Amino acid sequence: MEPFEKLAIMMEDISGDEGVLKMELSVGVGPDIPKEAQVVFHYSAYLEYADEPFDSTLLRNQPQRAYLNEEDTLPGIKIGLRTMRTKEKARFLIRPQYAFGELGCPPRIPPKATILYEITLLDWNDRSGADTFENLDYEQKVKLSFSQKMKAATDYHKEGNEFYKKNHLLKAKKSYRRATWILENMSVSDAEEEQRQCELLFKMRSNLAQINLDLKEFGRACTECRLALDLPATVGEELKAKLFFRFGKAKMFLNDFDLSRKYLLKAQRLRPNNLEISNLLEDLLKRTKKYCDREKIICQKMMGVKIEDSKAKIPNCAKDLDNVDPLLKRIIENQLKNLRQDSKRE
């Protein structure tokens, strides 16, 4: 028997005509893959009698991405992927009619070639809801059901997470914004639907706050946090702690130290053993002291005090009036004179 014939005996027919055979090497986790999902996977492709693959994403160190409902992937691979779960590794023996056909793909792939694929499914993302939503006009979008709109918003949420993992911040921001728009323009029929809507919207606002922090747009980060806190539904402590942390961090960079401390302490009460929160509170204390010291020096210079050491005091009360800069003294005297005249007119 030929090598592929021996291998085929130990494999399972998943196409129904023995055109695609499967052998599971390691078990995957999670649910089945939807028919229209986008998948991310590694593969190595072998011809019979070959010791080395003629094609491999592992050698390129770049996983393959494909939509299962599009024509840019071999039929046999799509059939195989639909039987897999996340993190699963499997071998597939794919006959010519499900691979490169009668002609092959010269010079690497001969005619009527059966191909052995070793595939590891890394991840998948179902964007069918988002794709459907984008293909509709405004009136059709409005008429969609609650579950259809939630599906589209969830798809954009997942897409944003994927972009964020790759540090594509602007793309992630765009996806989160799209999800936010859908959620804010949908109607709910009961308390349960409102809870689901607000919980996902809270996540979107929190994620947008984090992206704005990364982009150093601290004012916008604060706006997203305030909008999240204004939502009527209840969310879990983990989500609240993340939002309080991001709100406190944004306020710290805006030099609003009192509010920064307030929100960071709220985050710490929810997550008392969180090292990141504790470290940021220490950083806040240092920044506050540094800011106050700098403000003191500026004030001392404005008031005309010679700064001889760190114990120099800002002139205060009448006994220190002689030390005030002459120009500043004249401004103060004029303002006091105007104030006295105003009080007499009243």
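What you see is a predicted model; the values in this text were computed from it and never measured. (Residues numbered from 1 in each chain as written. Predicted model: local features only at pLDDT ≥ 70, side-chain atom pairs only at ≥ 80, totals over all residues. Heavy atoms only, no water.)

**Student:** What is the right way to look at the state of the cysteines in this model?
**Tutor:** Tallying each qualifying case throughout the model produces zero disulfides. Not engaged in a disulfide, the cysteine Cys225 finds its nearest cysteine sulfur in Cys222; these two sulfurs lie 6.4 Å apart. (Disulfide = S-S within 2.5 Å.)

**Student:** Would you take a moment to explain the nonpolar core for this structure?
**Tutor:** Note on soluble globular proteins: their nonpolar side chains tend to be buried together. One finds Leu183 and Phe202 to be the most contacted residues of the largest nonpolar core, which totals 47 residues. Once residues within four sequence positions are removed from consideration, Leu183 is found in contact with Met150, Ala153, Gln197, Leu200, Leu201 and Met204. With 27 residues, the next largest nonpolar core counts Ala90, Tyr98, Ile109 and Leu121 among its residues. (Core = buried A, V, L, I, M, F, W, Y, C linked by side-chain atoms within 4.5 Å. Buried < 20%, exposed > 50% of the residue type's maximum accessible area, 1.4 Å probe, protein only. Contact = heavy atoms within 4.5 Å.)

**Student:** Where do I start with a negative patch on the surface in this structure?
**Tutor:** Taken together, the side chains of Glu12, Asp13, Asp17 and Glu18 present a region of like negative charge at the surface. As for its position among the elements, Glu18 is in the loop between β1 (12-13) and β2 (20-26). (Patch = residues over 30% accessible without salt bridge, like charges linked within 9 Å, V, L, I, M, F, W, Y side chains within 5 Å. Areas by Shrake-Rupley, 256 points an atom, 1.4 Å probe, with all protein chains shown as cover. Salt bridge = Lys/Arg side-chain N within 4 Å of Asp/Glu carboxyl O. Lys, Arg positive; Asp, Glu negative; His and termini not counted. Charge placed at Lys NZ, Arg CZ, Asp CG, Glu CD. Helix = DSSP H or I, 4+ residues; strand = E, 2+ residues; numbered from the N terminus.)

**Student:** What should I look at first to understand a nonpolar patch on the surface in this one?
**Tutor:** Taken together, the side chains of Met1, Ile9 and Met10 make up a nonpolar region of the molecular surface, amounting to roughly 390 Å² of accessible area. Take Met10: its relative accessible area is 57%, and that puts it in the exposed class.

**Student:** What should I look at first to understand the packing of helix α9 (residues 218-229) against helix α10 (residues 237-253) in this one?
**Tutor:** Between α9 and α10, the least distance of the axes is 9 Å, while the angle of their chain directions is 145°. Here α9 and α10 pass one another in a crossing that is left-handed. On α10, the residues touching Phe218, Ala221, Cys222, Cys225, Arg226, Ala228 and Leu229 of α9 are Leu243, Phe244, Arg246, Phe247, Ala250, Lys251 and Phe253. The residue makeup of the contact of α9 with α10, split by class, is eleven nonpolar, no polar and three charged. (Axes fitted to C-alpha atoms, helices over the stretch in contact; angles between N-to-C directions. Left-handed = near helix turned anticlockwise from the far one by under 90°. Nonpolar A, V, L, I, M, F, W, Y, C, P; charged D, E, K, R; others polar.)

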